[in-house]
Amino acid sequence: MQSDDEIARAVAVLRAGGLVAIPTETVYGLAADATNEAAVARIFAAKGRPPTHPLIVHLGAADWLEHWAAHVPPIAHRLAARFWPGPLTLILPRPARVPPIVTGGQPTVALRVPDHPLTLRLLRSFGSALAAPSANRFGAVSPTTAADVRETLGEAVDYVLDGGACTVGLESTILDLSRDPPRLLRPGGVPREALEEILGMPLERESAGPVRAPGQHPLHYAPRARLLLLPTTQVVDEAVRLHAEGRHVGLLRPRGEAGPQPRSGLKVIDVPGTAEAYARGFYGFLREFDRAGCEVIVAALPEEKGLGLAIADRLRRAAAPRT
Ligand code: TXA
Ligand code: MG
């Protein structure tokens, strides 16, 4: 099989301390051997990521958990059994085998089993964990295809494992199990409601305070264009008004809103009919607007349930004021 050769090459690059872009169901990751400090340091350099921002450690199966966390509470096993492989990241106490550079010096480690056949084969063939942030430069839009990775990281990555387009399209949900009660640090591919069902309690969203996760930085996931969030019924009118002023406008047209005809300087993308389809397309839409030269993107927040919570979170971050 052709992919056997690709896996073998990727394993060789990782063993040599190199960087491999890996497909996952959420977004592409930029991976290195999680136990190799020099290799992990290359990830931070390639991304331009501040050293205090910790990476997610990717495992090949749920039964690797005991090996890669210093302590695993019963709830972690239950969540792993239910959601792994899948878009859920669990924060647990860091074991000594994970060097502090991976966790930004924190006493905890972020763990998940990604749901992509190629990357699962890679992990099992490599036989050890891979530290990987999203494969974009710090602050930029996350990549959801191999072409996106090559475009944003170019020579900084030694090998790109092409696994096609990501099926979920937004990053994993991050749940902090190192504190009681558990906290939702980042909404993502596993809906909050699904976690609450297993936890048997409502989940608090980590509120402002010291930044624990760069995903919590308001200035994250941003396209080049400025993003303007408005009530659903005002989105189309405002896009038309800005276009009439001579601005290059991207319109993320809400479901059920009519007009305008796309024209020069006005790019229209229709919001898909389901939250799943919206999530899958989301980062690609932002890239399309950037590629079309839009200065401003006008959009509305979706209903904040299911994947809608994660979409709204990424829209708010993209709309946050830039300094
Ligand atoms: O879906 C995903 O999670 C993707 C794919 C590649 O797995 N990865 C991803 O990585 O989104 P990144 O680096 O873009 O985001 C990792 C997030 C950051 O917000 C980081 O702060 C948080 O995980 N994180 C990592 N370790 C942590 C820790 N010990 N405590 C709190 N947050 C942590
Ligand atoms: Mg990221």
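As the structure is a prediction and not an experimental result, all values here were calculated from the model.

J.: Whenever I open this one, the pattern of salt bridges confuses me. Can you help?
T.: For side chains of opposite charge, pairing can occur when their charged atoms come near one another. Summed over all chains, the structure comprises 16 salt bridges. Residue aspartate 176 pairs with arginine 179 through a salt bridge whose shortest N-O separation is 3.1 Å. Aspartate 176 gets classed as buried once you look at its relative accessible area, which sits at 0%. Residue arginine 179 is classed as partly exposed on the basis of its relative accessible area of 31%. Across the pair glutamate 288 and lysine 267 runs a salt bridge whose closest N-O atoms are separated by 3.5 Å. Of this pair, glutamate 288 sits in helix H9 (residues 275-291) while lysine 267 sits in strand S13 (residues 266-270), and the two are 21 residues apart along the sequence. A relative accessible area of 31% means that glutamate 288 is categorised as partly exposed. Given a relative accessible area of 26%, lysine 267 falls into the partly exposed group. Overlapping salt bridges, with partners in common, bring together Glu171, Arg205, Asp313, Arg314 and Arg317 in one network.

J.: I'm lost on the domain arrangement of the protein in this one. Help?
T.: Accessible area lost during the coming together of the parts is what is often quoted as the interface size. Domain assignment breaks the protein into domain 1 (4-205) and domain 2 (226-318). If you average the C-alpha positions of domain 1 and of domain 2, the two centres end up 29 Å apart. Of the residues lining the interface, 24 residues belong to domain 1; the matching set on domain 2 comes to 16 residues. Each partner contributes to the roughly 1,500 Å² buried at the junction of domain 1 and domain 2, and carbon and sulfur atoms together form 54% of this total. Looking at the side of domain 1 facing domain 2, the largest losses of area belong to Val141, Leu170 and Pro187, adding up to 36% of the total buried there. Our count for the contact surface shared by domain 1 and domain 2 stands at 3 salt bridges. Of the charged contacts in the structure, one is a salt bridge between arginine 314 and glutamate 171, with a shortest N-O distance of 3.0 Å. Mapped onto the side of domain 1 that touches domain 2, the elements with two or more residues apiece are helix H6 (146-153), strand S9 (183-186) and helix H7 (192-199).

J.: Could you clarify how one ought to interpret the sheet that holds strand S4 (residues 88-93) in this entry?
T.: Sheets are built from strands that pair by backbone hydrogen bonding, the pairs being arranged parallel or antiparallel. Strands sit in the order S7-S1-S2-S6-S3-S5-S4-S8-S9-S10 across an open sheet of 10 strands; the sheet is mixed. Edge strands, defined here as strands with exactly one partner in the open sheet, are strand S7 (159-160) and strand S10 (204-205). Note that strand S8 (residues 173-176) and S9 share 3 bridges and pair antiparallel. Paired with isoleucine 174 across the strands is arginine 186, a residue of S9. Each of strand S2 (29-33) and strand S6 (130-132) is contacted by helix H2 (residues 37-47), which is oriented at about 155° to S2, the strand it contacts most. Relative to S4, helix H4 (residues 74-83) is tilted by about 160°, and along the sheet it contacts S4 and S8.

Definitions and limits used
- All residue numbers refer to position in the chain's written sequence, counted from 1.
- Working convention: letters from A go to chains and numbers from 1 go to ligands, in the order in which they are written.
- Predicted model: local features are reported for residues with pLDDT of at least 70 only, side-chain atom pairs are reported and counted for 80 or more only, and whole-chain, interface and lining totals are derived from all residues.
- The side-chain values count all of the structure's non-hydrogen atoms but skip hydrogen atoms and water molecules.
- The term salt bridge refers to a pairing of a side-chain nitrogen on Lys or Arg with a carboxyl oxygen on Asp or Glu at a separation within 4 Å.
- Burial classes follow relative accessibility: with a 1.4 Å probe on protein chains only, a residue under 20% of its type's maximum area counts as buried, one over 50% as exposed, and anything between as partly exposed.
- Each helix corresponds to a stretch of at least 4 residues labelled H or I by DSSP, and each strand to a stretch of at least 2 residues labelled E; elements are numbered beginning at the N terminus.
- For the purposes of this description, domain bounds are those given by an automatic or database domain assignment.
- Pairs of residues are marked as contacts when any of their non-hydrogen atoms sit within 4.5 Å.
- The term buried area refers to how much accessible surface (probe radius 1.4 Å) is lost by two components on association, counted for both of them together.
- What makes two strands pair is DSSP finding at least two bridges between them.
- For helices, the axis comes from a line fit to the C-alpha atoms of the stretch in contact; other axes are also lines fit to C-alpha atoms, and the angle between any two N-to-C directions lies between 0 and 180 degrees.

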